[in-house]
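Understanding the architecture of this molecule
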Amino acid sequence: MLTLAVQKSGRLTDKTLNLLEECDIKLQNGRKAKLKNRAKNFDLEALFMRDDDIPEVVFDEIADIGVVGENVFLEKDRDVKIIKRLGFSSCRLSLAVPKEQEYDGIQDLDGKKIATSYPKILKSELTKRKVKAEIHVISGSVEIAPSIDLADAVFDIVSTGSTLRSNGLKEVETLLESEAVLIARKSSLGEDQIILDELLFRINSVMKAADKKYILLNAPDSAIDAISDILPGMKSPTVMPLAKEGWSSVHSVISEEDFWKNIKKLKELGAEGVLTFPIEKMIL
Ligand code: PRT
Ligand code: ZN
């Protein structure tokens, strides 16, 4: 059985459980279980815990794999490896200073005091950039440190930036981009590797389909070649004659971005009755 460490209650929890559902892995107790939850139809058990403990638990082989923010993976610095970047819970780790403070570059922080909950990452990023600053570790509410004279700057997770702004800070430098990652121990998983390979196959199929739409439209036969150039699909579009002479139905796959980029062109070429549907899984 493969054991997967999942954040118990936080920003990663729902997205991790959604991913399992999209992979058609159903947990026995739905989302209600507090500590452990076995899958009904897959040889997997989810273990729930604080995200900070996940790298350690995977390293200690209590769990085989785990989902954690890359920031936590790097900060905890356990000897485990990233096996898949999952593309959700993206954020950045940035330096911020009081908004009225002048800032001309990272060298301005030389000799200054920076508050953070990520001292390892900060130290390594400052060393790379040849900046020597004093690192002040605080475990929460880092953004209030400058206003109470605890630090000159902060290094923290930023998503929209509104927390920094509402605390009178401005983001001046992004040192790291982060997203949720699937981690595993470095030693062999033995027979459980087969289950992990199956899980990764499913995750890849779901992620490939994530921004893709199934598109269906009607078009005059004379426009089919031009429309096929815009909608190449996986191999080529499916073109089927309509009962109305001189018209065909075109079926294909398109990314959300390409759909909005090309919809006007498709209409100009004579496309009518355009429908799109979400795609659950895609295997190339
Ligand atoms: O209780 P536990 O220890 O398990 O959870 P936690 O409180 O340590 O972590 P949690 O659930 O807050 O976040 C889990 C992971 O989500 C983080 O490690 C990041 O990888 C990722 N993530 C993505 C974020 C954010 N976005 C985010 N915005 N983690 C935290 N934030 C914070 C940020 O620090 C700021 O204070 O949310 C606040 C709002 O951000 P703005 O910029 O949108 O205002
Ligand atoms: Zn945490």
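Throughout what follows, the structure given in this document is the object of discussion. Each chain has its residues counted from 1, following the order in which its sequence is written. Chains and ligands are labelled sequentially in the order written, the chains with letters from A and the ligands with numbers from 1. Local features in this predicted model are restricted to residues whose pLDDT is 70 or higher, and side-chain atom pairs enter the listing and the counts only when it is 80 or higher, whereas totals over whole chains, interfaces and linings include all residues. Hydrogen atoms and water are omitted, and side-chain values are computed over all heavy atoms in the structure.

**Thoughts on the pattern of salt bridges**
- A side-chain nitrogen of Lys or Arg and a carboxyl oxygen of Asp or Glu constitute a salt bridge if their distance falls within 4 Å. This model, assessed by the stated rule, comprises 21 salt bridges.
- Across the salt bridge formed by R31 and E21, the nearest N and O atoms sit 3.4 Å from each other. With R31 in the loop between α1 (13–22) and β2 (36–38) and E21 in helix α1, the pair connects residues that are 10 residues apart, well separated along the chain.
- A simple rule labels every residue: compare its accessible area, found with a 1.4 Å probe on the protein chains alone, to the largest value its type can have, and call it buried under 20%, exposed over 50%, or partly exposed in between. Given the relative accessible area of 37%, R31 is considered partly exposed.
- K261 serves as the salt-bridge partner of D258, at 3.6 Å between the closest nitrogen and oxygen. Of this pair, D258 and K261 are both found in helix α8 (residues 256–268), three residues apart, which corresponds to roughly one turn of the helix.
- When its relative accessible area of 57% is taken as the criterion, K261 is described as exposed. A run of H or I in DSSP becomes a helix once it reaches four residues, and a run of E becomes a strand once it reaches two; helices and strands are each numbered from the N terminus.

**Looking at the coordination of the zinc ion (ligand 2)**
- In this description, a donor is an N, O or S atom within 2.8 Å of the metal centre, a cutoff extended to 3.2 Å for sodium, potassium and calcium. Water is not part of the atom list, which can make sites seem incomplete. The protein atoms that coordinate the zinc ion (ligand 2) are D51 (OD) and D52 (OD), at distances of 2.0 Å.
- Every angle between 85 and 135 degrees makes a four-donor site tetrahedral, while opposite donors more than 155 degrees apart, with all other angles between 65 and 115, make a four-donor site square planar and a six-donor site octahedral; other sites are irregular. Around the zinc ion (ligand 2), the four donor atoms are arranged such that angles at the metal cover 76 to 171°; this shape is classified as irregular.
- In this structure D51 comes out as buried when scored by relative accessible area, which is 17%.

**Some thoughts on the packing of aromatic side chains**
- Here the aromatic set is Phe, Tyr and Trp, taking the six-membered ring for Trp, and pairing holds for ring centres within 6.5 Å; pairs whose planes are under 30 degrees apart are stacked, those over 60 apart are edge-to-face, and all others are tilted. Considering all chains together, one arrives at two aromatic pairs under this definition.
- Considering the side-chain rings of Y214 and F277, the 6.4 Å spacing of their centres and the 50° angle between planes classify their relative orientation as tilted. With Y214 in strand β12 (residues 212–220) and F277 in strand β15 (residues 272–278), this pair connects stretches of sequence that are 63 residues apart.
- Judged by relative accessible area, Y214 falls into the partly exposed class, the value being 31%.
- Ring geometry for F259 against W260: centres 4.9 Å apart, planes inclined by 80°, an arrangement best described as edge-to-face.
- The criterion is that NZ of a Lys, or CZ of an Arg, lies within 6 Å of the ring centre and within 35 degrees of the ring normal, and then a charge sits over that ring. In this arrangement the basic side chain of R78 is found over the ring face of F59, its NZ or CZ atom lying 4.9 Å from the centre.

**Brief notes about the site of ligand 1**
- Consider each residue's heavy atoms; a residue with any of them within 4 Å of a molecule or strand counts as near. Near ligand 1 lie 21 residues; those nearest to it are R11, N71, S159, T160 and T163.
- Pairing of N or O atoms within 3.5 Å defines a polar contact, subject to two protein rules: one partner must be a possible hydrogen donor and the other a possible acceptor, and residues neighboring in sequence count only if both atoms are side-chain atoms. Measuring from an oxygen atom of ligand 1, one finds a side-chain N or O atom of Q7 at 2.8 Å.
- Here S162 contributes a side-chain N or O atom positioned 3.3 Å from an oxygen atom of ligand 1.
- Per-residue and other accessible areas follow the Shrake-Rupley method at a 1.4 Å probe size, with only the shown protein chains counted as cover for residues. For ligand 1, whose free accessible area comes to 840 Å², the fraction covered by protein is 78%.
- Among the elements that make up the shell around ligand 1, the one with the highest residue count is strand β9 (residues 153–158) (three residues).
- For this classification, the nonpolar set comprises Ala, Val, Leu, Ile, Met, Phe, Trp, Tyr, Cys and Pro, the charged set comprises Asp, Glu, Lys and Arg, and every other residue, Gly included, is treated as polar. Taken together, the residues that form the shell around ligand 1 break down as five nonpolar, 11 polar and five charged.
- Here the shell around ligand 1 spans two domains, and each of domain 1 (2–89 + 179–208) and domain 2 (91–178) adds at least three residues to it. Segment limits for the domains were obtained from an automatic or database-derived domain assignment.

**Comments concerning unusual backbone geometry**
- The phi angle at D24 is positive, at roughly 65°, despite the residue not being glycine.
- Residue class for D24 comes out partly exposed when judged on its relative accessible area of 34%.
- Backbone geometry at D149 places phi at a positive 60°, although glycine is not the residue there.
- By secondary structure assignment, the location of D149 is in the loop between β8 (134–137) and β9.

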